[in-house]
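# Report on the structure
Chain by chain, the residues:
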Amino acid sequence: MPAGLPDFRLGNVLATSFTGTLSERHGDRVERIPTPQRLVDWLVVYGLAVDSCTTAQLELAWELRESIHAVATAAALGDALPAPAVQVINDSSIRGRAAAVLTSEGSRRWRLSSASCVEDALGVIAADAISIIAGERDGRLALCASPTCRAAFFDTSQSRTRKWCDMNTCGNRQKKARFNANQRKNTQG
């Protein structure tokens, strides 16, 4: 990984992991795909390998990411879905020409066309977002309890009561802050 770039936050759900490429949205924002090459790197991690990416394709990716975040946030809150963001997701899904293929091991992989690989990969991400937001998958959309994060995530825990987008980052940070506050309170009084 190139020096100076933040690690990717990896999750099990493609669409919400993609929205996590911009974290701390209500604090000191952390952009995890600031360059076309970083988008290529992220897509490789999720089995959507592409050869290259242009600045224009990166901008399409950012637009899709923010649209998924806006729609997922509205869905998690039970609000009306923002029509412009829904349109971006639908356009990305339609633009993509990826095909699901079954491997000999019985798992699904995506085959991207050779003509517009980044758009194909974004189409896969958009289709994943659509399946989550439409309620086609077992789980629920939720927002991270961290006041600086508020990332949308897909909760597949058995109880559907997960509070953090990522326990290793937001959850630990909040628990550490609560522990330190209790320690200060105990030493003062």
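Above this note sits the structure.
These notes cover the structure that comes with them. Computed from a predicted structure; not experimentally measured.

A few words on the side chain of S131. Mapped onto the secondary structure, S131 falls in helix 5 (residues 117-133). A polar contact is formed between the side chain of S131 and the backbone oxygen of D128, at a distance of 2.8 Å. With near-sequence residues (within four places) excluded, S131 lies in contact with E136 and R137.

In this structure, A145 sits in the loop between strand 5 (140-143) and strand 6 (152-155). You can call A145 partly exposed: its relative accessible area is 33%. Non-local contacts of A145, meaning those with residues more than four positions away in its chain, are made with R150, K163 and W164.

For the rest of this paragraph, the subject is the nonpolar core. The biggest cluster of nonpolar side chains holds 36 residues, and the ones touching the most others in it are F18, L39, W42 and I125. Every element with two or more residues in this core is listed here: helix 1 (14-19), helix 2 (36-45), helix 3 (55-77), helix 4 (83-95), helix 5, strand 5 and strand 6. The element best represented in this core is helix 5, accounting for 9 residues. With near-sequence residues (within four places) excluded, W42 lies in contact with F8, L14, S17, F18, T21, I33 and I125. Grouped together as the second largest cluster of nonpolar side chains are 8 residues, A142, C144, W164 and C170 included.

As a working rule, side chains carrying opposite charge can pair if their charged atoms are close by. Under the counting rule described, the total for this entry stands at 6 salt bridges. Across the pair E31 and R65 runs a salt bridge whose closest N-O atoms are separated by 2.7 Å. Remark: R65 occurs in helix 3 and E31 occurs in strand 2 (residues 30-31); sequence separation between them is 34 residues. Looking at E31, the relative accessible area reads 24%, which means it is partly exposed. D138 is the partner of R160 in a salt bridge, and the nearest nitrogen-oxygen pair spans 2.6 Å. Remark: D138 occurs in the loop between helix 5 and strand 5 and R160 occurs in the loop between strand 6 and helix 6 (167-188); sequence separation between them is 22 residues. By sharing partners, the salt bridges in this structure join R25, E31, R65 and E66 into a single network.

Turning our eyes to something else, we now look at the side chain of E24. Position of E24 relative to the elements: it lies in the loop between strand 1 (22-23) and strand 2. A polar side-chain atom of E24 sits 2.5 Å from a polar atom in the side chain of T148. Residues in contact with E24, not counting those within four places in the same chain, are R9, R29, V30, T148, C149, C170 and R173.

What follows deals with the environment of F154. Locating F154 in the fold gives a position in strand 6. With relative accessibility at 5%, the residue F154 sits in the buried group. Put simply, F154 and N12 are 142 residues apart on the chain and 8.9 Å apart in space, counted from C-alpha to C-alpha. Each residue touching F154, except ones within four places of it in the same chain, is listed here: V13, T16, I132, R137, D138, G139, R140, L141 and R162.

The rules behind the values
- Residues numbered from 1 in each chain as written.
- Predicted model: local features only at pLDDT ≥ 70, side-chain atom pairs only at ≥ 80, totals over all residues.
- Heavy atoms only, no water.
- Helix = DSSP H or I, 4+ residues; strand = E, 2+ residues; numbered from the N terminus.
- Polar contact = N/O pair within 3.5 Å; in protein donor to acceptor, adjacent residues only side chain to side chain.
- Contact = heavy atoms within 4.5 Å.
- Buried < 20%, exposed > 50% of the residue type's maximum accessible area, 1.4 Å probe, protein only.
- Core = buried A, V, L, I, M, F, W, Y, C linked by side-chain atoms within 4.5 Å.
- Salt bridge = Lys/Arg side-chain N within 4 Å of Asp/Glu carboxyl O.

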